[in-house]
Each structure stands twice: as C-alpha cells, then as structure tokens.
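Structure at a glance
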Amino acid sequence: MKTEVLDKSIVLCRACDLVVRKRALPTGVRALCPRCHTNLYDTPYCSVNGMLALCITALVLYFPANFFPVLEMHFLGSIRTTTIAGGAMAVAAQGYWVVGIAVLVAAVIAPGLLILSILTQVLIVKYRLKIPFFRNIYKKLLKQHSLLAQLSMLEIYMISIFVSVFQLSDYTDLYFGIGTFCFTMLFIMVIFMQREYDIEHMWSVLDE
C-alpha cells in the first residue's frame, strides 16, 4: 500500500503557482512570492503568552457579554431589558425554534467553546504537557477548531444589534447596558484571537 508524504516545508503561491520552500521568519514578518510578490505566509504577532492573555480576556468578557443586559428600552413608561441569551429564548418562544437555536449556538455556545478550546491548546503548549492524555485532547481540539470557528458568528449578531437600534430609535428610547460594551469588546478580542491563531503552527507543535 503506497502512502503519500506531505512536505509541510514548501508552500504553493496561490497567484502564480510558484513552489517556495518555507523559512523561519521573525515575529511580524511576512513572506512574499519572489515572482509576483503575493503574500505567502506570515508568523503570528503574538507569543504564547500573548495568546494566553487574549484568551483570558475573552473568557472574562464572555459572561457579562452574554448574561448582562445589552439593550434597555423605555416605551410609554415601560422599561424592558434584553440579553443575548434572552433574545434567543424569546425568538424560540414565539415559535421560531430554528432561528432561536441558531442565534444561541452562533452567539453564545460556539464562541464560548472556541475560547475554551484555544485556551486549552495554549496552556498545553505553554506548560509542555506531553503525556498521552493531554496529547489526545490537544489533537481532538485541533480537529474541531475549524467547525467551532465557522459556527462562531459574533459579527452577524453585532450587525443585527445595530440594525435593531436603527429601526427602533424612532419609536422608543434605547440605552446601552454594560452587556453592550462587554459584547463589543468580546467581539474585538475574538477577532484578534482568530487572527493570531495559526492552525498549521499548532499542528507542528504536536509533531515536535
């Protein structure tokens, strides 16, 4: 039986198909194709400690972002508040179960699992936990990373919040709560966390 060996030390330019051998780069340096100058690959700007700081910050923001009021509406003397999870439950209670579950997964469950997954990976790498138990956990988290990243859609929920504010501003007084600030900061932290996360680098750590 013939097995194919994949050489991870070479990269193919997506613009001109030039085969280029990878080299170690300093932090923050980008490798360009020598023929067409297309971006080939770069190194993460964050160290392991930097990734750990991003993960811890995102985890701290996660709970107030999801369970503190995002919007406070004043309408004809009535004051109502809503949270991210509460909004998903309200949509489901109106009979739109698919939409409610989708919002709950994309805005609450998947981002939390993504943060915990990356945090666990970073801790395993930082403290060099090489025993088989942690290696198996690390490998499973790497395999599930792309799925969690695709399910996490905080940007869609942020857009929906802004659209709702724009449409309701003519009919009621709207006030942003602490949950709005925390959710916005969580959105920014997750963006930076995914920007600095390099799946190929994490797999190479496993090979080492």
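That block above? That's the structure.
Description of the structure in this document. (Residues numbered from 1 in each chain as written. Predicted model: local features only at pLDDT ≥ 70, side-chain atom pairs only at ≥ 80, totals over all residues. Heavy atoms only, no water.)

1. Details of the overall build of the protein
- For the protein, the count of helices and strands is seven helices and seven strands.
- When its helices and strands are written in sequence order, the protein yields β-β-β-β-α-β-β-α-α-α-α-β-α-α.
- Each of the 208 residues in the protein was classed as buried or not, and the buried ones make up 34%.
- Contacts in the protein between residues far apart in sequence, at least 24 positions, make up 60% of those at least 6 positions apart.
- Roughly 13,500 Å² of accessible area belongs to the protein as shown, and the carbon and sulfur atoms make up 65% of that amount. (Helix = DSSP H or I, 4+ residues; strand = E, 2+ residues; numbered from the N terminus. Buried < 20%, exposed > 50% of the residue type's maximum accessible area, 1.4 Å probe, protein only. Contact = heavy atoms within 4.5 Å. Areas by Shrake-Rupley, 256 points an atom, 1.4 Å probe, with all protein chains shown as cover.)

2. Structural notes on the side chain of Gln 121
- Positionally, Gln 121 belongs in helix H3 (residues 97-126).
- Look at Gln 121 and you get buried, because its relative accessible area is 0%.
- Sequence-distant contacts of Gln 121, defined by excluding residues within four places in its chain, comprise Tyr 138, Leu 141, Leu 142, Tyr 197 and Met 202.

3. Things to note about the pairing of strand S4 (residues 39-42)
- Here strand S3 (residues 30-32) pairs with S4 via three bridges, running antiparallel. Across the sheet, the residue bridging to Leu 32 is Asn 39, located in S4.
- Here S3 hands over to S4 after six residues, with His 37 in that stretch at a positive phi of 65°. (Pairing = 2+ DSSP bridges.)

4. Considering a positive patch on the surface
- Where like charges cluster on the molecular surface, the positive patch consists of Arg 128, Lys 130, Arg 135, Lys 139, Lys 140 and Lys 143.
- Relative to the assigned elements, Lys 130 resides in the loop between H3 and helix H4 (132-151).
- A residue is classified by how much of its surface remains accessible, and Lys 130, at 56% relative accessible area, is exposed. (Patch = residues over 30% accessible without salt bridge, like charges linked within 9 Å, V, L, I, M, F, W, Y side chains within 5 Å. Salt bridge = Lys/Arg side-chain N within 4 Å of Asp/Glu carboxyl O. Lys, Arg positive; Asp, Glu negative; His and termini not counted. Charge placed at Lys NZ, Arg CZ, Asp CG, Glu CD.)

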